[in-house]
Structures are given as structure tokens and as C-alpha cells.
Amino acid sequence: MRSLIKRVLSSEVEMADVTVAGWVRTRRDSKAFSFLEINDGTCLANLQVVADAGIPGYEDVERMLTGASVEIRGRLIASPAQGQKWEMQATSVRLIGEVPQDYPLQKKGHSLEFLRGISHLRPRTNLHGAVFRMRSRMAYWIHQFFQERDFTYVHTPIITASDCEGAGEMFRVTTLPDDKIAKDAEDFFNKRAYLTVSGQLEGETFACALSNIYTFGPTFRAENSNTSRHAAEFWMIEPEVAFCDLAGDMDLAEALVKYLVQQTLDKNEGDLAIFEKFVDKELRQRLEFVASRAFERVTYTEAVELLKKSGKTFQYPVEYGLNLQSEHERWLTEEYFKKPTTVFNYPKEIKPFYMRLNDDGKTVTAMDVLVPGIGEIVGGSQREERLDVLLANMVHHNLSPEDYWWYVDLRRYGSVPHAGFGLGFERMLMFATGMANIRDVIPFARTPGTCEF
Ligand code: 4AD
Ligand code: MG
């Protein structure tokens, strides 16, 4: 049976007979033996193998080039070399898959941009191996956070007929031939359908039955933003809590972000080291800072005042009633408060129909959690639970209540105050790894103009 290199390297004792398999990272030959560094992607570290000339399979050693796949059998022994506990003394080696000289990952130090062009091979690099192991762990921690708190995981649909955010940035799903493309009634669902931008509306129906729920799945936005923080396909975590107001919502969002940061510090299994070394020297320091301190909280109105008084020249204008741009969000967190900041109570005009109207009649109970280096990582709100106010809001947003009859019904039958938010999974991952571009934390990124792989 083959052993995973991660398991082998964390062994407490020497092992007389172990078999590993992986890809050759480097090889050095001398007359009497060869050194091979093998990596199988289960951890950052390589296993060093010493293969003496003459062991079975040694005749193929010179074809064990960087990138070739091999199987090694041998003894795990304490390593005399510095910086590693174990090495393997091979008793046999086997070349499984050869690699030609044009293998693109020959040497280290490729640019991230180059690696995006070979997204099918980049998981074999140290950096992307670490990123995607972190992504897997982070997903697990998210489930752990909610499951430990008695939240029920709900699978909301990916194909939907409603535009949750009302921004009209949806990918259409259709089986109509080109010449009938506008005939919605003849389409597969007898109406126009899209890929979902958010599972929130369906999530709300489940919160109004199971109290505390969360969704965690892919969402899609056809927004033409070619930035380092936007993808057309990304994953979102959307909890929804019944009998909860905006303050409770902010508490939960901040607790989740902090929890994920703390887990990253405690359970990264050595992968954080490579982000610190090659991506962001201050990463650990920043994560420790975030884990140990309360987030700042400020109303939108206060934030606009601070931005106006900042004396900074921004590319986009700062005015009450306009959206905060990422440069504004970053100024608040990086330069002014110097920590994650939750901005709440936004003007109703710039927010979707479902947010609860405040008593001032001007603002809604929206909140965004902003973090240094990225800007918005969470967007959420308390939902409008009052039937009459919701209906008025829908009319105001040019939505027809008949299309959302099931959503409106929640306000008819035992309506409750409830609140929730969406955490962008990739943005959280960017924050935890220091990676600056969303394309580098998604296995196969979909962005405007790019749908390769
Ligand atoms: O602020 P958003 O649009 O909120 C919603 O979709 C609500 N329905 C959530 C809710 O209340 N249940 O998106 C939530 C988060 C953002 O804060 C951001 O982190 C991420 O999703 N996000 C994106 N991430 C990557 N690429 C994009 N194009 C994103 N758009 C939003
Ligand atoms: Mg938002």
C-alpha cells in the first residue's frame, strides 16, 4: 500500500518498508547514488530519497526528470541533513510517467500570470499546492463553525428565476435555439431562468422554518468588473438567522471571519510559511492582529464624513448617497482605523429591495465587513419582515410582488425579524493567504473573457 508523504514525514518512528508515489521535484546524481526530492501534494515538504546505484529500477533514474511520476519503496530513516527529520533510503524505484524536456514547470520563480495560463499544472507548484490545500481546509472550518453552532446546511438552487440583488447581472440559462432565443414561454422552464447570484431568498425561507441555516455554494455574476477581487463564478457562504437583528448579524459575521483567521493561524499545517515567504512578509502578524482585536463599527454616514475630511484625493467621488468604492473601503481599514471595519446603515437607494428600512426612513439595515488589503469581504443585512413595507420597497425597485409570491408569503405567515449575510469565500481565502488576485485562489477562474479549462 502506498503511503502519503504527509503521513510519512510526520511519523514518530523509523519505518522498515514504506512505499510512496509522487512527482519528482529535483534530482542530483553522483557516481554511487542519486538524491531525489519527491512531492505528492499532500503537504508543502518534499520527501528526500537516496537511491543507490544498482537497486531495482535504477536504470531508469536518468529519465526521472522534474515532473516525472515515480514510485519509491524503501526505509524511512532519520536524516543526517539539516532542516529535515526524515529521509528515505530506497530499496527500489519505479518510473511511472515520463516527462519531456518541455515540461513548463522546470524551474522555480514563474510569475503568477504565467501560471494562470497553465492552471491545469499550477497545483503542482509549492505556492498553489498550499493555496488549494488552504481552500479545502477553509471550507471544512466553515462547516465546522456553523455545525458547532447548530446551523443547518441548506442547498439552495443554482438555477433560478429571481434576481436576488436586483442588479441585473445574471447569466441566462436556456435551451432555446438561436432563432427562438426571446421566446421565454417555450424555454425549458417556460420562463426565463438564470444562474443564481445568491441563495439568500431561498435561504430566508429555510431560516423561517429551521431558525439558523447557512448555504455554501457557487454563485455567478455577469458583472463586467475585470478587477483582482471579482470573478464571474465564486463561492459564497450565506447564513440566515431567524429572530435576529442587525447587531446580531454583525456579531455573527465578525465572529466567523475571526474564527477563520484563528483556524488559519492554528491549523494551516505548515502552508502559511510559503505565503509568508513569497507572498506577504507581514501575513502572520496581520492575521494575529485581526484575531485578537474587536472590529471597528461605523455607520455609512460617519464613514462618508471621515472620507470627506481625510484630505485624500480619491479617483471616485465621496458623497452621501453614492456607493463606497474599494479605494474608500481600503482607506477606512488600512489608513484610518487600521483594522477590519464594519460599515452599517446605508442609504436605501443604493441597496436591494429586501433590506429592512430604518426608522429614519432614509437608511436600511445593511452592513459590509471591510478588511485591509481587500475591502468588502462580507455583505449582509437585516431583512424587511413587515409585509406592507416590503411590498412598497418592491414597487419602488420595479419588482413585481407576484414574481416573488413565495418570498412575500414569509411575511404573511408568522413573519419574524431575521438577518443574514454573504461571505465571499475567495475573498476570505485571499485575506488568509495574502494572495492579491482572486484568479490565484480559484482552481479554474472564470472572469470576463476567460473560460479556459
Ligand atoms: O454583497 P453581496 O452582493 O451580497 C449578497 O449577495 C447577499 N445576498 C448576501 C446575503 O445577505 N445573504 O455579496 C456578498 C459577498 C461580498 O461581500 C463579496 O465578498 C462576495 O460576496 N462577492 C464576490 N466575490 C468574488 N467575485 C464577485 N464578483 C463577488 N461579488 C460578491
Ligand atoms: Mg455587497
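Structure shown above.
Residues numbered from 1 in each chain as written. Chains lettered and ligands numbered in written order. Predicted model: local features only at pLDDT ≥ 70, side-chain atom pairs only at ≥ 80, totals over all residues. Heavy atoms only, no water.

**Structural notes on the site of ligand 1**
Here is step 1: Of all residues adjacent to ligand 1, which total 25 residues, the nearest are E165, Q200, R221, E238 and E376.
Here is step 2: At 2.8 Å from an oxygen atom of ligand 1 is found a main-chain nitrogen or oxygen belonging to I377.
Here is step 3: G379 places a polar main-chain atom, nitrogen or oxygen, 3.3 Å from an oxygen atom of ligand 1.
Here is step 4: Protein chains shield 94% of the accessible area of ligand 1, which is 630 Å² for the free molecule.
Here is step 5: Broken down by secondary-structure element, the contributors of at least two residues to the shell around ligand 1 are strand 11 (233-242), strand 15 (375-382) and strand 16 (418-424).
Here is step 6: By residue number, the principal contributor to the shell around ligand 1 is strand 15, which donates 5 residues.
Here is step 7: Of the residues that constitute the shell around ligand 1, the class distribution is 9 nonpolar, 8 polar and 8 charged. (Near = heavy atom within 4 Å. Polar contact = N/O pair within 3.5 Å; in protein donor to acceptor, adjacent residues only side chain to side chain. Areas by Shrake-Rupley, 256 points an atom, 1.4 Å probe, with all protein chains shown as cover. Helix = DSSP H or I, 4+ residues; strand = E, 2+ residues; numbered from the N terminus. Nonpolar A, V, L, I, M, F, W, Y, C, P; charged D, E, K, R; others polar.)

**Describing helix 4 (residues 200-210)**
Each full turn of the α-helix corresponds to 3.6 residues, which orients residues three or four apart in the same direction.
Here is step 1: Three or more residues of helix 4 are buried, namely Q200, L201, E202, G203, E204 and A207.
Here is step 2: Elements that come into contact with the buried residues of helix 4 comprise strand 7 (159-160), strand 10 (212-220), strand 11, helix 11 (405-409) and strand 16.
Here is step 3: Of the residues flanking the end of helix 4, it is S211, one or two places downstream, whose phi is positive at about 70°. (Buried < 20%, exposed > 50% of the residue type's maximum accessible area, 1.4 Å probe, protein only. Contact = heavy atoms within 4.5 Å.)

**Section: the packing of helix 8 (residues 300-309) against helix 9 (residues 326-336)**
Here is step 1: Axis separation between helix 8 and helix 9 bottoms out at 11 Å; the angle between their running directions is 80°. When the interaxial angle is binned, helix 8 and helix 9 end up roughly perpendicular. Side by side, helix 8 and helix 9 meet where A303, L306 and L307 of the first sit next to H328, W331, L332 and Y336 of the second.
Here is step 2: Here the residues of the contact of helix 8 with helix 9 sort into 6 nonpolar, 1 polar and no charged. (Axes fitted to C-alpha atoms, helices over the stretch in contact; angles between N-to-C directions. Parallel < 35°, antiparallel > 145°, perpendicular 65-115°, else oblique.)

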